[in-house]
Every structure is written in C-alpha cells, then in structure tokens.
Amino acid sequence: MTRTIARSAGAAVVLAGLMTLAPTVASAATSVQETRAFLGTTVEKTAASAKRTALQQAYDHAAVYGYAPEGCVTIHLYSVKISFVMYRGEAGIHCTK
C-alpha cells in the first residue's frame, strides 16, 4: 500500500513538473522569427544614384511583405559602369520580423 502511494506521489510530481514546462515550450514556438532576402536593381546616370535607387527598391520590396527597415541589414551594394554614361546598381538586404 505504501508503494502505491509513493508511486502516485512521484507521478504527480513529474506531471506537475511537465505542466510547468508547457507554457515555456508554447511561448518558444511562437517566437520563431521570419527572415527573407530582397534584391533591388536599377540603371541610372551616376554610380551613387544607381546604388541609392537600388537600395530604396530593395527596401520597398521588403515593405510590401511587411518588413520594417529597422529589421533589415544590407548584404551587398554596388554599381557597375555598363556604358559611357550609364551605371547598373544592385542592392541586397536581409530582413527579419
């Protein structure tokens, strides 16, 4: 009889311990962050404007999907001369929400 009571008490303690962990596991599952990369490309007359416009385009794409600029990091940003007076700009950002 004493063994049955001891086993029941032990099972109750284990069950109570598991129930205290359940909210922690549930909150960890809801804190998953969503990440995505965005790319912006453009052709402009100066290298600086090509970079600026491409970066703005990438941020605009991110905003469409609900990402705030504060959650974004610039991965690459460059421009390449493609003709006598034209530059191709490209920007890549990685955003988290």
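Placed above this text is the structure.
If you're wondering where the values come from, they're calculated on a predicted model, not measured in any experiment.

### Here we look at the nonpolar core
As a rule of thumb, nonpolar side chains are buried together in soluble globular proteins.
Thought 1: Counting seven residues, the largest nonpolar core consists of F38, A58, A62, Y67, C72, I93 and C95.
Thought 2: Going through the elements one at a time, helix 2 (47-64) and strand 3 (87-96) are the ones with two or more residues in this core.
Thought 3: Excluding anything up to four places from it in sequence, C72 contacts Y59, A62, I93, H94 and C95.

### Quick word on the environment of Y87
Thought 1: Along the polypeptide, Y87 turns up in strand 3.
Thought 2: When the C-alpha atoms of Y87 and A47 are compared, they prove to be 5.6 Å apart, with 40 residues separating the residues in sequence.
Thought 3: Each residue touching Y87, except ones within four places of it in the same chain, is listed here: T42, V43, E44, K45, T46, A47, A50, V80, K81 and I82.

### Some thoughts on the pattern of salt bridges
Thought 1: Evaluation of the coordinates by the stated rule reveals one salt bridge.
Thought 2: The residue R88 makes a salt bridge to E90 at a minimum N-O spacing of 2.9 Å.

How each quantity is defined
- Residues numbered from 1 in each chain as written.
- Predicted model: local features only at pLDDT ≥ 70, side-chain atom pairs only at ≥ 80, totals over all residues.
- Heavy atoms only, no water.
- Core = buried A, V, L, I, M, F, W, Y, C linked by side-chain atoms within 4.5 Å.
- Buried < 20%, exposed > 50% of the residue type's maximum accessible area, 1.4 Å probe, protein only.
- Helix = DSSP H or I, 4+ residues; strand = E, 2+ residues; numbered from the N terminus.
- Contact = heavy atoms within 4.5 Å.
- Salt bridge = Lys/Arg side-chain N within 4 Å of Asp/Glu carboxyl O.

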